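The chain contents come next:
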Amino acid sequence: MIVNMLTTATAEEITHVIERVKECGYQAHVIQGTERTVIGAVGSTGRRAELEALRAAPGVEEVIQITHPFKLVSRQLRQRCTVVDVKGVKIGAGELVVMAGPCSVESEEQLLETARAVKFAGADMLRGGAYKPRTSPYDFQGLGVEALRLLRDASAETGLPIVTEVMSEADAEVVAEYADMLQVGARNMQNFSLLRKLATFPRPILLKRGPSATIKEWLLAAEYLLAGGNANVVLCERGIKTFETATRNTLDLSAIALVKELSHLPVIADPSHGTGLRSLVPPMSKAAAAAGADGLMIEVHPCPERALSDGPQSLDLEGFAELMKSLGKEGLREVKAA
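Let us look at the structure shown here.

**Focus on the overall build of the protein**
For step 1, the next point in the chain: Looking only at helices and strands, one finds 12 helices and 14 strands in the protein.
For step 2, the next point in the chain: Taking 2.2 N^0.38 as the reference for a compact globule, 338 residues should give roughly 20 Å; the C-alpha atoms of the protein span a radius of gyration of 21 Å, in line with that estimate.
For step 3, the next point in the chain: Viewed in the frame of its principal axes, the protein has a C-alpha envelope of about 65 × 50 × 40 Å.
For step 4, the next point in the chain: Within the protein, the fraction of its 338 residues that count as buried is 51%.
For step 5, the next point in the chain: Only carbon and sulfur atoms are counted for the fraction: they give 50% of the accessible area of the protein, which is about 14800 Å².
For step 6, the next point in the chain: Measuring between centres, the 37 positive side-chain charges of the protein sit 2 Å from its 42 negative side-chain charges.

What follows is the structure, given as structure tokens:
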């Protein structure tokens, strides 16, 4: 439930309501707005009748029931959009944020060439896989810690913050040492023990939608992170499984627009995984931006035909530069020209 305080509520009245919410058996999540304070009462074992009685408490304007099963991520609790800051890059602040880089970090040469090129083209963050979840146990699984070191070096040279995937609880601490943003991959969206662990880390989280997950399940997965104490969560639509076989997945653009209505969290799109086809990445990037996406995650490789993973969906360096130009994000090209 939500307790809306009056604009004239005093600090003592707000504190009293917070204490009463806790006494009723709920967690109290306080949102301090510019004009008023909102207190979210979250939980399922509390005494609802006593909570509703807070309508009579001094300083309270109204008590409203949250209709969705996801409480903390709901726009009912927080009308103002959340802005997630990743080492100075603000996601959800109104500018399209582009995360770009290879599916897998394969070598120092490959990563640095890509990092320099995407930086020059205007990318805001560097993505790259250190640990790769592959369907076949015989496919390339990533370089692990060595890849994390290479990502850190590339970040130091280019100034681009790093986002990379955490595969398991065992890897969480070491990945957090190197990465600026921790990605929860599609296969781990409902790995609740991993979500609980990452919720305690002082790093922003990128939560990808599972290939068979409903929007409700996706937002409830995000709820685990916020309920655990990490409010810096960005959602990523990366395509879902349907009966269609012409593309790798079906990029659900309607989900972007709907989640923006349901939740205050930023939403980005991954057209690379969403389509699996290089030719479709540029048009679907533009479509995602038009649907309201706060950012894009694009796979880029210096030579996609030699990529150890996801070559068919990776843009080459020139193709990425052209995409950025079409999105109005030409980056350093304009600076150099001037």
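Now, onward.
**Quick look at the sheet that holds strand β4 (residues 60-64)**
For step 1, the next point in the chain: The antiparallel open sheet is built from 4 strands, whose spatial order is β2-β3-β1-β4. Of all the strands in the sheet, the pair left with one neighbour each is β2 (27-32) and β4. Here the average twist between neighbouring strands, direction ignored, is 20°.
For step 2, the next point in the chain: In the sheet, β2 pairs with strand β3 (residues 37-42) via 6 bridges, with the strands oriented antiparallel. Within β3, the position partnered with Ala28 by the bridge is Ala41.

**Examining helix α3 (residues 108-121)**
For step 1, the next point in the chain: Across its 14 residues, α3 extends 20 Å between first and last C-alpha, which sits within 8% of the 20 Å expected from 1.5 Å per residue.
For step 2, the next point in the chain: Buried-residue contacts for α3 involve β7 (97-101), β8 (125-127), α4 (145-158) and α11 (317-326).
For step 3, the next point in the chain: Just downstream of α3, Gly122 is the residue with a positive phi angle, here 115°.

**Notes on the sheet that holds strand β12 (residues 233-237)**
For step 1, the next point in the chain: Taken in spatial order, the 8 strands close into a barrel running β7-β8-β9-β10-β11-β12-β13-β14, and their pairing is parallel. When the angles between neighbouring strand axes are averaged without regard to direction, this sheet yields 25°.

**A closer look at the pattern of salt bridges**
For step 1, the next point in the chain: All chains considered together, the criterion is met by 16 salt bridges.
For step 2, the next point in the chain: A salt bridge links Asp252 to Arg209, with the shortest nitrogen-to-oxygen separation between them at 3.0 Å. Here Arg209 lies in the loop between β11 (205-208) and α7 (215-227) and Asp252 lies in the loop between β12 and α8 (253-262), a separation of 43 residues in the sequence. Take Asp252 and Arg209: they sit in the same class, and that class is buried.
For step 3, the next point in the chain: Each of Arg20, Glu23, Arg47 and Glu50 takes part in one network of salt bridges that share partners.

**Things to note about the nonpolar core**
For step 1, the next point in the chain: Within the largest apolar cluster, 73 residues are counted, with the highest numbers of intra-cluster contacts made by Leu182, Leu198, Leu207, Leu235, Ile298 and Phe320.
For step 2, the next point in the chain: Here the element with the most residues in this core is α7; it accounts for 7 residues.
For step 3, the next point in the chain: Those residues within four positions of Leu182 in sequence are excluded, and the remaining contacts are Thr164, Val166, Val175, Ala176, Leu198, Phe201, Arg203, Pro204, Ile205 and Leu206.
For step 4, the next point in the chain: With 17 residues, the next largest nonpolar core counts Val3, Ile14, Ala57 and Val60 among its residues.

Definitions and cut-offs
Residues numbered from 1 in each chain as written. Predicted model: local features only at pLDDT ≥ 70, side-chain atom pairs only at ≥ 80, totals over all residues. Heavy atoms only, no water. Helix = DSSP H or I, 4+ residues; strand = E, 2+ residues; numbered from the N terminus. Rg over C-alpha atoms; globule rule 2.2 N^0.38 Å. Buried < 20%, exposed > 50% of the residue type's maximum accessible area, 1.4 Å probe, protein only. Areas by Shrake-Rupley, 256 points an atom, 1.4 Å probe, with all protein chains shown as cover. Lys, Arg positive; Asp, Glu negative; His and termini not counted. Charge placed at Lys NZ, Arg CZ, Asp CG, Glu CD. Pairing = 2+ DSSP bridges. Axes fitted to C-alpha atoms, helices over the stretch in contact; angles between N-to-C directions. Expected span 1.5 Å × (residues − 1). Contact = heavy atoms within 4.5 Å. Salt bridge = Lys/Arg side-chain N within 4 Å of Asp/Glu carboxyl O. Core = buried A, V, L, I, M, F, W, Y, C linked by side-chain atoms within 4.5 Å.

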